Amino acid sequence: MIMVSKDKVHLLYNETDAEMSAARPSCYRKVSRFKKLGCIFIVVVAILLITPACLSGRLCWHEQSCYLPTVSVQESSMVCKKLKDGRPVKKFPEALIIGVRKAGTGAMRFYLDMHPYVEIASAEINFFDFEYENGYEWYKNQLPMALPGQLTMEKTSNYFHNKKTVDRIYNMSSNMKLIVVVREPVERTVSDYIQRKLKKSESDDIDYPPFENFVIDSDTGEVDASEKIIKPSIYQKHTVKWLKYFPLENLHFVDGGNLILNPYEEVKKVEQFLGIPHCLTKDKFVFSSTKGFYCIKKNKGRREETKCLPETKGRRHPAVDPEVMRKLKGFFKPYNEKFYRTIGRSFNW
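Residues numbered from 1 in each chain as written. Predicted model: local features only at pLDDT ≥ 70, side-chain atom pairs only at ≥ 80, totals over all residues. Heavy atoms only, no water.

**Focus on the packing of helix α8 (residues 235-243) against helix α11 (residues 322-343)**
With their axes 8 Å apart at the nearest point, α8 and α11 run at an angle of 30° to one another. One element, α8, and the other, α11, form an angle in the roughly parallel class. Contacts from Y235, Q236, T239 and L243 in α8 reach Y335, K338, F339, T342 and I343 in α11. (Axes fitted to C-alpha atoms, helices over the stretch in contact; angles between N-to-C directions. Helix = DSSP H or I, 4+ residues; strand = E, 2+ residues; numbered from the N terminus. Parallel < 35°, antiparallel > 145°, perpendicular 65-115°, else oblique. Contact = heavy atoms within 4.5 Å.)

**Details of the confidence of the model for the chain**
A residue-level look at the chain finds 74% of positions with pLDDT of 70 or above and a mean pLDDT of 82. Contacts for the low-pLDDT stretch residues 1-31, under 50 throughout, to residues beyond four places or in other chains number 1 contact. Low pLDDT (under 50) marks residues 50-75, which in the prediction has 13 contacts with non-local residues, meaning those over four places away or in another chain. (pLDDT = per-residue confidence, 0-100.)

**Section: the state of the cysteines**
Applying the stated rule across the entire model yields 2 disulfides. Two residues, C80 and C279, share a disulfide whose sulfurs are 2.0 Å apart. Every disulfide takes its handedness from the sign of the S-S torsion; for C80 and C279 that torsion is -85°, giving left-handed. Here the residue C80 occupies a position in the loop between α2 (73-79) and β3 (95-99), and C279 occupies one in the loop between α10 (263-274) and β8 (285-288), the gap between them amounting to 199 residues. One exposure class covers both C80 and C279, and it is buried. Sequence-ordered numbering of the bonded cysteines in the chain gives a disulfide pattern of 1-2, 3-4. (Disulfide = S-S within 2.5 Å. Buried < 20%, exposed > 50% of the residue type's maximum accessible area, 1.4 Å probe, protein only.)

**Looking at the layout of surface pockets**
Taken as a whole, the largest pocket holds about 1,500 Å³ of empty space. In terms of lining, the largest pocket is formed by 46 residues, of which the most central are R101, K102, A103, S191 and Q195. Only α3 (105-112), α6 (185-204), α8, α9 (256-261) and β9 (293-300) provide two or more residues apiece to the lining of the largest pocket. Considered class by class, the residues forming the lining of the largest pocket number 12 nonpolar, 17 polar and 17 charged. (1 Å grid on protein atoms, 1.4 Å probe; cavity = no way out; pocket = protein on both sides within 12 Å on 5 of 7 lines; lining within 4 Å. Points joined across faces, edges and corners; volume = space filled by probe spheres on them. Nonpolar A, V, L, I, M, F, W, Y, C, P; charged D, E, K, R; others polar.)

**Topic: helix α5 (residues 165-172)**
When α5 is considered as a whole, its buried residues turn out to be T165, V166, R168, I169 and M172. Each buried residue of α5 lies within a common arc of 165° when the element is viewed along its axis, so the set occupies one face. Turning to α5, the residues buried within the fold contact β3, α4 (136-142), β6 (177-182) and α8. (Arc of directions from axis to C-beta.)

**Some thoughts on α11**
Here α11 spans 30 Å end to end across 22 residues, near enough to the 32 Å set by a 1.5 Å rise per residue. Along α11, the helix axis deviates most sharply at K333, where the bend reaches about 35°; the proline P334 sits within four residues downstream. Looking only at α11, the buried set comprises V324, L328, F331, F332, N336, F339, Y340 and I343. The opening residue of α11 is D321, an N-cap whose side-chain oxygen sits 2.9 Å from the backbone nitrogen of E323. Phi turns positive, to about 70°, at G344, one or two residues after α11. (Expected span 1.5 Å × (residues − 1). Bend = angle between axes of the 7 residues up to and from the residue. Polar contact = N/O pair within 3.5 Å; in protein donor to acceptor, adjacent residues only side chain to side chain.)

Right under this line is the structure:
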């Protein structure tokens, strides 16, 4: 073994460094040229790939969001054709229209029934309020058959204000999507009175007391908060009850007044809430001047037909004593304001 001194080692390293430094300039120039050419090549390829994608709208950036390609009318019509694949089965609902009675629940059920991705029961089942003792299997048998990809739904307008339903629905499915149609409270109360009056008169053949006698306490002269047609209109009270079980994002509130005037707008929001394709397009809603509300066009084979709500919908309201109307509006106002704050949305009633 040859021993060298520490100074000799340093000398050897210094000589090696000098040799490497002498060779470095030409080597670095070669590597630098290759790097520049490689970078230019990568940039050119990237531009060639990205530019056509951006021009065609398939790749865009905006606030760090990526937009999906726009679906053409032809593609939309293909998506919204009646589903045929798979075997239809009975299953529990993924979404419910839970109320409010006489606020437009029938109209919402009617429109959703036209959607190819929805199978909704044709009548109110009342399982979670009056038929719960019949059991889950009985309930499932009352629901319509649905194909893979279709939502099963039902509408019972008493669920929203019934005391027992929220706990029962939550126990069946804590992920249930809940649709609540609300309407200006005084209008809804009057509409509720009209329906009760017609049903009672038809069955008992009696003269029904006037509306004012129902809603005003004869002893106090003020609004009778315990009256059955008043209670469902106190939306705040019932909403708080549902929010003890379900998060707010599981509830969608439909503007029942706007559902009459502009059903397309409200139905589109429900499609988004349910996560189903936008199939009930604006051109499918047709206003009927004779009926006074919107009908909907539906494809039947190769031809198209127009379907409307039954004649029982859209009844005219009787004239109500202005003083009673004033008392009702004053009674509902603080409840409405609390309701707006609870759901983070105003209906300007």
